[in-house]
Amino acid sequence: MWTTNAQYADWMFCLVRTDPKAKKQEGISFLLIDMRSPGVTVRPVHTMEGGAEVNQCFFEDVKVPVENLIGQENRGWDCAKFLLGNERTGASRVGSTRERLKHLRKLAMSEMKAGKPIIQDPSFRARLLSLEVEAKAHEITTMRVLDADARKDRGDAPNPLSSLLKLRASEIRQELTHLYVEVAGPHAMRLALEAEDELEAFTPDWAGLATATYLNNRKVTIYGGTSEVQHNILAKAVLGL
Ligand SMILES: Cc1cc2nc3c(=O)[nH]c(=O)nc-3n(C[C@H](O)[C@H](O)[C@H](O)COP(=O)(O)OP(=O)(O)OC[C@H]3O[C@@H](n4cnc5c(N)ncnc54)[C@H](O)[C@@H]3O)c2cc1C
């Protein structure tokens with residue numbers, strides 16, 4: 001379930017249970033599966049903003065050659081932890097957040113609410129400023145984590161602080177997309193009224209995308225491990241609770 005871009009994939013790295021009796025994270029192996037193998041079916045999942053980027057994948061009696069095993073049999077979770085660490089650090093998205101915040105601030109200075117630029121609305125301004133400060137703090141934290149990784153302070157072991165980066169980055173991203181909807185105001189309705197050509201003509205592209213982007217970004221606190229799971233990892237591996 002939820003396999004991103006499987007519709008385009010020739011190959012899939014897949015974690016499969018190879019020892020049903022082993023404890024939860026043991027007995028899993030990491031396989032490279034040819035998506036053209038008999039028994040593989042990919043069905044699209046249509047998401048609420050109208051996207052089709054995720055899929056359900058079914059594997060019925062699929063045969064995988066033994067040479068497609070990555071690493072050791074039943075030790076797939078070691079590969080998964082390493083890859084998840086990279087995915088979570090990658091989710092930091094420092095550059096795009098910085099650019100979008102700049103864009104949002106610019107829009108808030110020109111878009112009007114009750115006859116004044118939205119930036120002059122005290123509650124909006126407080127939210128924007130708070131987000132800018134959070135994003136800056138997140139950027140500095142990301143650099144610290146990357147610096148420690150580059151110096152290999154922990155050898156090749158996955159860095160549990162990648163969970164902190166993923167957690168904060170997804171919260172920042174969701175607030176950012178929410179503020180875009182606020183700035184778009186009535187234009188943000190375009191998604192629901194797509195058929196109304198007349199309305200579309202008055203809607204700038206960024207505003208037309210605001211609702212779709214907001215809805216699509218509900219996923220970021222789920223994929224790559226949910227926020228609750230990141231909290232658990234941080235409590236255990238970083239705070240030692
Ligand atoms: C848009 C999208 C794209 C995705 N793309 C991919 C992909 O390309 N490849 C891939 O492999 N996966 C992908 N995923 C799957 C994603 O990694 C999982 O959905 C995610 O890790 C959550 O697992 P789950 O869906 O099994 O939820 P569950 O684990 O069933 O969680 C359900 C709820 O229970 C909570 N919960 C679960 N365990 C605990 C716990 N121990 N303590 C506290 N709370 C807990 C969760 O936080 C959540 O709220 C994608 C998911 C989404 C939504």
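Remember, it's a predicted structure, so these values are computed and weren't measured experimentally.

Calculation rules
- Every chain is numbered on its own, with residues counted from 1 as its sequence reads.
- In view of the model being predicted, local features appear only for residues whose pLDDT reaches at least 70, and side-chain atom pairs are presented and counted only at 80 or more, with totals across whole chains, interfaces and linings using the full set of residues.
- Neither water nor hydrogens contribute to the side-chain values; these are computed over all heavy atoms in the structure.
- The axes are straight lines fitted to the C-alpha atoms, using for helices just the contacting stretch, and the angles between their N-to-C directions are given from 0 to 180°.
- Helix numbers and strand numbers start at the N terminus; a helix is a DSSP run of H or I with at least 4 residues, a strand a run of E with at least 2.
- Comment on the angle field: the value is read as roughly parallel under 35 degrees, roughly antiparallel over 145, roughly perpendicular from 65 to 115, and oblique elsewhere.
- Rotating anticlockwise by less than a right angle from the far helix to the near helix defines a left-handed crossing, while the corresponding clockwise rotation defines a right-handed one.
- Whether two residues touch is decided by their heavy atoms; if any such pair falls within 4.5 Å, the residues are in contact.
- When residues are sorted by character, Ala, Val, Leu, Ile, Met, Phe, Trp, Tyr, Cys and Pro go into the nonpolar class, Asp, Glu, Lys and Arg into the charged class, and all the rest, Gly among them, into the polar class.
- The patch calculation keeps residues exceeding 30% relative accessible area without a salt bridge and links them within 9 Å when they carry like charges or within 5 Å when they are nonpolar (Val, Leu, Ile, Met, Phe, Trp, Tyr).
- In these tables, accessible area is a Shrake-Rupley quantity obtained with a 1.4 Å probe, and a residue counts as shielded only by the protein chains included in the view.
- Salt bridge, as used here, is a side-chain nitrogen of Lys or Arg placed within 4 Å of a carboxyl oxygen of Asp or Glu.
- Here, strands pair whenever DSSP counts at least two bridges between them.
- When we say a residue is near a molecule or strand, we mean one of its heavy atoms is within 4 Å of it.
- Any N or O atom pair separated by 3.5 Å or less is treated as a polar contact, with the protein-specific requirement of one donor-capable and one acceptor-capable atom, and with residues adjacent in sequence counted only for side-chain atom pairs.
- An automatic or database domain assignment supplies the residue ranges for each domain.
- Exposed residues in this analysis have more than 50% of their type's maximum accessible area, buried residues have under 20%, and partly exposed residues fall in between, with area computed by a 1.4 Å probe over protein chains only.

Between two packed helices, both the angle of their axes relative to each other and the distance between the axes serve to describe the pair. Two elements in contact, helix α3 (residues 122-150) and helix α4 (residues 161-184), have axes whose closest approach is 10 Å; the angle formed by their N-to-C orientations is 155 degrees. What the angle tells us is that α3 and α4 run roughly antiparallel. Considering the relative orientation of α3 and α4, their crossing is left-handed. Between α3 and α4, the residues in contact are Phe124, Arg127, Leu128, Leu131, Glu134, Ala135, His138, Thr141, Thr142 and Val145 and Leu161, Leu164, Leu165, Arg168, Ala169, Ile172, Glu175, Leu176, His178, Leu179, Glu182 and Val183, respectively. For the contact of α3 with α4, the residue count by class is 13 nonpolar, 4 polar and 5 charged.

Looking now at a nonpolar patch on the surface. A cluster of nonpolar residues, Leu161, Val238, Leu239 and Leu241, forms a patch on the protein surface that exposes about 400 Å² of accessible area. Within the element layout of this structure, Leu161 appears in helix α4.

We now examine the sheet that holds strand β5 (residues 54-59). What the 3 strands build is an open sheet, ordered β1-β5-β4; its pairing is antiparallel. In the strand order of this sheet, the two ends are held by β1 (3-4) and β4 (40-45), each with one partner. The pairing of β1 with β5 spans 2 bridges and is classified as antiparallel. By the bridge assignment for β5, Thr3 is matched with Asn55.

Looking at the ligand, the residues that line it are Trp2, Thr3, Thr4, Val54, Lys219, Ile222, Tyr223, Gly224, Gly225, Thr226, Glu228 and Asn232. Side-chain polar atom of Thr4 to a nitrogen atom of the ligand: 2.7 Å apart, as the coordinates give it. When the free accessible area of the ligand is taken as 960 Å², the share hidden by the protein chains comes to 47%. Listed by contribution, the elements that provide at least two residues to the shell around the ligand are β1 and α7 (227-238). No fewer than three residues from each of domain 1 (3-74) and domain 2 (80-238) sit in the shell around the ligand.

What follows deals with unusual backbone geometry. Phi at Trp2 takes a positive value of approximately 70 degrees, unusual for a residue other than glycine. If you trace the backbone, Trp2 turns up in the segment before β1. For Asn74, which is not glycine, the phi dihedral falls at a positive 70 degrees. Topologically, Asn74 is positioned in the loop between β6 (69-70) and α1 (76-90). Residue class for Asn74 comes out partly exposed when judged on its relative accessible area of 25%.

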